[in-house]
Amino acid sequence: MASILDEYEDSLSRSASLQQSRANVGIPHSGYVNARLEKETPIFNKQRIDFAPPEKINSLVVSCNQLCMSLGRDTLFRIDLGKADEPNQVELGRKDEARVYKMFLDHTGSHLVIALNTGECLYLNRSVQKVRTLSRWKGHLIESVGWNKFLGSETNTGPILVGTAQGQIYEAEISVSEGSLFSTNPDQYFRLVYTLEEEAGPTPVCCLEIERALDGKCFIIATTRKRLFQFVGKVPEGTEQQGFGFVFGMHADHLPSFREFPASFGYSEIAFYTPKLRSSPRSFAWMMGNGVLYGTLDYGRPDSILSDERVWVYPSDVDVAANKPISIVLTQFHFLLLLPDRVKAVCTLNGQVVFQDLFLEKFGSLKRMIKDPTVGQIWIHTEKVVFRYHVQRESRDVWKMYMNVNKFDLAKEYCKDRPECLDIVLAREAEHSFQNKRYLDSAKCYALTQNYFEEIALKFIEAKQEEALMEFLLKKLASLKSSEKTQTTLLTTWLTELYLNRLGALEGETSKKNVYEETREKFCSFLSSPRNKECLFNNRASIYELLASHGDTEHMVYFSVIMQDYERVVAHHCQHDDYDEALNVLTRHKDEKLFYKFSPVLIQHIPKKVVDAWISMGTKLDARKLIPALVNYSQSGSTQQISEAIRYMEFCVCELEETEQAIHNYLLSLYALCRPDSLLSYLEQAGTNPNRIHYDLKYALRLCAEHGHHRACVHVYKVMELYEEAVDLALQVDVDLAKSCADLPEEDEELRKKLWLKIARHVVQEEKDVKKAMACLSSCNLLKIEDVLPFFPDFVTIDHFKEAICNSLEDYNRHIEELKREMEEATQSAKRIREDIQEMRNKYGSVEPQEKCAACDFPLLNRPFYLFLCGHMFHYDCLFQAVFPNLPAYKQAKLEDLQKKLGATSQPSKAHHRPKDTDATSLGKGQQSREQIKADIDDLVASECVYCGELMIRSIDKPFIEPQKYEEERQSWL
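Since the model is a prediction, treat every value here as computed from it, not as a measurement.

### Let's talk about the sheet that holds strand β9 (residues 132–133)
Pairing in this open sheet of four strands is antiparallel, and the strands run β6-β7-β8-β9 from one edge to the other. Only two strands of the sheet have a single neighbouring strand rather than two, namely β6 (100–105) and β9. Across five bridges, the pairing between strand β7 (residues 111–116) and strand β8 (residues 121–125) is antiparallel. Its bridge partner being in β8, Ile114 is matched across the sheet by Leu122.

### Some remarks on the nonpolar core
Ranked by size, the top nonpolar core spans 70 residues in total, and within it Leu602, Trp614, Tyr648 and Met649 carry the most contacts. It is helix α19 (residues 639–655) that provides the largest number of residues to this core, a total of eight residues. Once you skip the residues sitting within four places of it in the chain, Tyr648 turns out to touch Val611, Trp614, Ile615, Leu621, Ala623, Leu626 and Leu630. Membership of the second largest hydrophobic core comes to 33 residues, among which are Phe434, Tyr446, Ile456 and Phe472.

### Notes on the sheet that holds strand β11 (residues 160–164)
Sheet architecture is open: four strands sit in the order β10-β11-β12-β13, paired in antiparallel fashion. The sheet is open, and its two borders are formed by β10 (142–146) and β13 (187–195), each paired with just one other strand. Adjacent strand axes in the sheet meet at a mean angle of 25 degrees when their direction is disregarded. Where β11 and strand β12 (residues 168–174) come together, four bridges link them in antiparallel fashion. If you follow Ile160 over to β12, its bridge partner there is Ala172.

### Things to note about a nonpolar patch on the surface
There is a patch of nonpolar side chains on the surface, built from Leu861, Phe865 and Leu867 and spanning about 240 Å² of accessible area. The topology assignment puts Leu867 in strand β31 (residues 865–867). For Leu867, a relative accessible area of 38% puts it in the partly exposed group.

### Brief notes about the environment of Glu567
With respect to the element layout, Glu567 can be found in helix α14 (residues 566–575). By relative accessible area, which is 35% here, Glu567 ends up partly exposed. Separated by 31 residues in sequence, Glu567 and Phe598 have C-alpha atoms that sit 8.8 Å apart. Sequence-distant contacts of Glu567, defined by excluding residues within four places in its chain, comprise Leu594, Lys597 and Phe598.

### Brief notes about a negative patch on the surface
On the surface, a cluster of negative charge is contributed by Glu818, Glu822, Glu824 and Glu825. For Glu824, a relative accessible area of 55% corresponds to the exposed category.

### Brief notes about the pairing of strand β27 (residues 353–358)
Along any regular strand, the residues point their side chains to alternate faces of the sheet. Looking at chain direction, strand β26 (residues 342–347) and β27 are connected through five bridges and run antiparallel. Bridging across to β27, Ala345 finds its partner in Phe355. Hairpin geometry of β26 and β27 is characterised by an intervening segment of five residues between the two adjacent antiparallel strands and by a positive phi of about 75 degrees at Gly351.

### As for the layout of surface pockets
Volume-wise, the second largest pocket comes out at about 510 Å³. Every residue lining the second largest pocket is counted, 22 residues in all, and those nearest its centre are Tyr294, Thr348, Leu349, Tyr402 and Lys407. By residue class, the composition of the lining of the second largest pocket is 10 nonpolar, eight polar and four charged.

### Let's talk about the packing of aromatic side chains
Summed over the entire model, instances satisfying the criterion amount to 29 aromatic pairs. Residues Phe51 and Phe77 carry aromatic rings whose centres are separated by 5.4 Å and whose planes lie at 35 degrees to one another, so their mutual orientation is tilted. Of this pair, Phe51 sits in the loop between β1 (44–48) and β2 (57–63) while Phe77 sits in strand β4 (residues 75–80), placing them 26 residues apart in sequence. Given the relative accessible area of 11%, Phe77 is considered buried. By the ring-pair criterion, three or more aromatic residues cluster together here, those being Phe434, Tyr439, Tyr446, Phe453, Phe460, Phe472 and Trp494. Positioned above the aromatic ring of Phe359 is the side chain of Lys46, whose terminal nitrogen or guanidinium carbon lies 4.2 Å from the ring centre. Just above the ring of Phe387 sits the side chain of Lys46; from NZ or CZ to the centre is 5.3 Å.

### Here's the deal with the state of the cysteines
The term disulfide refers to a covalent linkage connecting the sulfur atoms of a pair of cysteines. Under the counting rule described, the total for this entry stands at zero disulfides. Here Cys415 stays unpaired: no disulfide links it, and the sulfur of Cys421, its closest cysteine neighbor, is 5.9 Å away. Of the residues examined, Cys415 reaches a relative accessible area of 0% and is grouped as buried. Not part of a disulfide, Cys652 finds its nearest cysteine sulfur in Cys654, a span of 9.7 Å. With relative accessibility at 0%, the residue Cys652 sits in the buried group.

### What about the environment of Leu498?
Considering the arrangement of structural elements, one finds Leu498 in helix α9 (residues 485–507). Residue class for Leu498 comes out buried when judged on its relative accessible area of 7%. Separated by 28 residues in the primary sequence, Leu498 and Met470 place their C-alpha atoms 7.2 Å from one another. If we skip the residues at most four places from it in the chain, Leu498 touches Glu466, Leu469, Met470 and Leu473.

### What to know about the side chain of Lys371
Inspection of the secondary structure assignment puts Lys371 in strand β28 (residues 368–371). Buried Lys371, no salt bridge; nearest opposite-charge side chain is Glu394, N-O distance 7.0 Å.

### Looking at helix α5 (residues 419–435)
The end-to-end C-alpha distance of α5, which contains 17 residues, comes to 24 Å, matching closely the 24 Å that a straight helix rising 1.5 Å per residue would cover. Within α5 the residues assigned to the buried category are Glu420, Cys421, Asp423, Ile424, Val425, Leu426, Ala427, Glu429, Ala430, Ser433 and Phe434. The positive-phi residue at the C-terminal boundary of α5 is Lys437, with phi of around 65 degrees.

### Notes on unusual backbone geometry
Its identity as a non-glycine residue notwithstanding, Asp308 has a phi of 50 degrees, on the positive side. Relative to the elements of secondary structure, Asp308 occurs in strand β23 (residues 306–312). On the accessibility criterion, Asp308 (60% relative accessible area) is exposed. Backbone geometry places Arg393, a non-glycine residue, at a positive phi of 50 degrees.

### Observations concerning the pattern of salt bridges
The tally for this structure, following the rule as stated, stands at 34 salt bridges. The salt bridge partner of Lys344 is Asp317, with a shortest N-O separation of 2.5 Å. Linking Lys344 in strand β26 with Asp317 in the loop between β23 and β24 (327–330), this pair joins segments that are 27 residues apart in sequence. Residue Asp317 is classed as partly exposed on the basis of its relative accessible area of 39%. Where salt bridges share partners, they join Lys608, Asp612, Glu644 and Arg647 into one cluster.

Parameters at a glance
Residues numbered from 1 in each chain as written. Predicted model: local features only at pLDDT ≥ 70, side-chain atom pairs only at ≥ 80, totals over all residues. Heavy atoms only, no water. Pairing = 2+ DSSP bridges. Helix = DSSP H or I, 4+ residues; strand = E, 2+ residues; numbered from the N terminus. Core = buried A, V, L, I, M, F, W, Y, C linked by side-chain atoms within 4.5 Å. Buried < 20%, exposed > 50% of the residue type's maximum accessible area, 1.4 Å probe, protein only. Contact = heavy atoms within 4.5 Å. Axes fitted to C-alpha atoms, helices over the stretch in contact; angles between N-to-C directions. Patch = residues over 30% accessible without salt bridge, like charges linked within 9 Å, V, L, I, M, F, W, Y side chains within 5 Å. Areas by Shrake-Rupley, 256 points an atom, 1.4 Å probe, with all protein chains shown as cover. Salt bridge = Lys/Arg side-chain N within 4 Å of Asp/Glu carboxyl O. Lys, Arg positive; Asp, Glu negative; His and termini not counted. Charge placed at Lys NZ, Arg CZ, Asp CG, Glu CD. 1 Å grid on protein atoms, 1.4 Å probe; cavity = no way out; pocket = protein on both sides within 12 Å on 5 of 7 lines; lining within 4 Å. Points joined across faces, edges and corners; volume = space filled by probe spheres on them. Nonpolar A, V, L, I, M, F, W, Y, C, P; charged D, E, K, R; others polar. Phe/Tyr/Trp six-rings, centres within 6.5 Å; stacked < 30°, edge-to-face > 60°. Lys NZ or Arg CZ within 6 Å of the ring centre and 35° of its normal. Disulfide = S-S within 2.5 Å. Expected span 1.5 Å × (residues − 1).

Following this line, the structure appears as structure tokens:
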């Protein structure tokens, strides 16, 4: 044990020295705290129980935190360790010299069997105070009891097994109930089921253990001084309560399976270890004459559950003849041997003594050691003192032992929460794998250690293990933190170089094609890893240089796609004349900028597919930015090329409803160049409203004129409202076209007449067609025969105009008659108006003295007033106040001005020095002016009744209380 500890200390010191120098290493590490710097408590921590027994302790048992000890000859002491301050003392009530031989406590701490040296047995239940005699057990010296952990309860043990000193195994059952406690015996039955023998005959049954597998199979282990027996059998379903007779009956004709060892010191003892949260033991340790048989329990085996057996001989300082082991206890990784003066703990992994505790002579000789299977505490007693051992962190050094025997997986399992120990195990495993030439496994382990990065890398380089080096770098890269950017960049670049070297070496070898494909997939996976994406993106220039230096265009394109560097991908395809694939990349990723950049190249080679791609992009593309590509493409003059350009422009105009002038102008230019018929239809479809036309009218006019498209020019002139120019140009093409132009200025009759005169002049002078000229007169009602006659030559006879002249004279006559009729109607209308005026002057109304103003409700005759035909009557000032706020602003201003003038005419003249005739003249003018002012005021104020006229109708949506006065009015009502 000391050598292991020394080795462990040396490993930790080496680790500490390495950590001191890691500051200079490129790859960082996380430091560990040396666990040995802290004071460690022993695995087995002894505690003396503060208990002074009044008599000698004969026997002690403990289970499920229930402790029972026999004191002297007749006293039984029971303690619930959960309530240690409430001990319970029971008297056995024996008058004879019988003494307690052994005590047996079941797994629940409820059933206590007390074997006396006289062959009698007593029973005590935890819930009662009175000891009962097991009458059926009388005459047998009990050596062991096998409790039933599957059917037992606090009041019933279920079928159990009892071993005697004569080698007999009995089946029994103890049951206790409150209703029949004093009237029936607790032992239900006691029957012999088997007898164990050795060479010399019957031998004591030292230990009994009952276990059951998941499939219902029953396993019974029984030990004698030199033999360990196993009884295996499946109890029929539904007969569990009938006991174990069926299992033992299977071995009635032949011996059961057993292990035998030659040496014996007169007794043996077997101990089991049951992990927490499990009901069945996992391992066993049998203390016998030759040593300790240790192994595991495998319940899946058909005939024997003992597995992985080995015999650990007793330590050299144990004299079996003079210093025999007394008891054994098994823990997870150790078994403890009780000697008369000490306790030794032996590791079950390597058989070495890891703990020894020597007891002072004053305590007396050690009698027995027992373990509480439920709590795990270990108890030792002498005749005077009781000790208790706590097991603390038993697995703390297990990793080291597994590591020393190269069981690295188990070693890592037991130090996974101790990083400093895990690092040592990983380093040892890595070195072990490296020495055994398992380089990939070694690389995986080295990547998880804190060893020198450079040292490990050089180690693989010197061994020429490039694949293992790559594995190491990959694992190391995966363990780096996101903040360690420099180290990540270093490893990423190095790995890229290694991959490229390896691919280059494998590419030409046909025999290693599978290896090449596998390496290629790994490289692609490395480049596309989300973890490496940020680093690769930040250092993509270096990666591109590495790929280019190796001439690996395939992976350069793959890497470009991963980096979403589609410009480089498309450029690569274009350089290799793979225009279809370049367009596929553009279409797949829909990057507008790349479309603008590569369209001029692609449209030269695959124009139809490019235009289809543009159309599929729809509004994502700005057609204005594609015009340069179309212009360069269409300059070749090929009809097919121009057709593709027209197709995309028509899509933009018709489908996308583009309004950009540049697009419409370019489409016009293409129409003018290649499709004149489409040109005119496009212009007509665009309409004649200049505000809704998206092409440049002047540019369109110049373009049509350059290419000789006169009808299109005429249409543009019409849109520009240059009707004279339109008619002049139309006369060169078609007279009917000119006529349609001449009728356009509908509101300007003078211009229309002028345009029609141009048409008539052209028909007469250029075409010399008199009939067509006369047709012009019928087409336009503005032209008269006298307007057209000057255009005809002198030799034309009047016969050609006879009909036209007659028609003209008739029109004049009709017009004169119409004027006469209108004059008569006007005369009659004036006469009726004069009569109505005269009638209105003579109209009057009567006002009674008691009449009141409709606005203020005061007598009407007190002040000047107005009387309306509707019957409403108002004082002048009341009507004024009602009308004024509702008048328009300009009428309010005019009314205020009239009132001022009226007030001025009411004041007496102060010019007393003027001559009398001048004063009289001024007075006359003032009275006339005053009457006129009052009439004007009446027109504004009294033009209609304020209650019956339009004023009342207009104010229907006006609130009764003005918004600004509402709050004041509301407060006045509170």
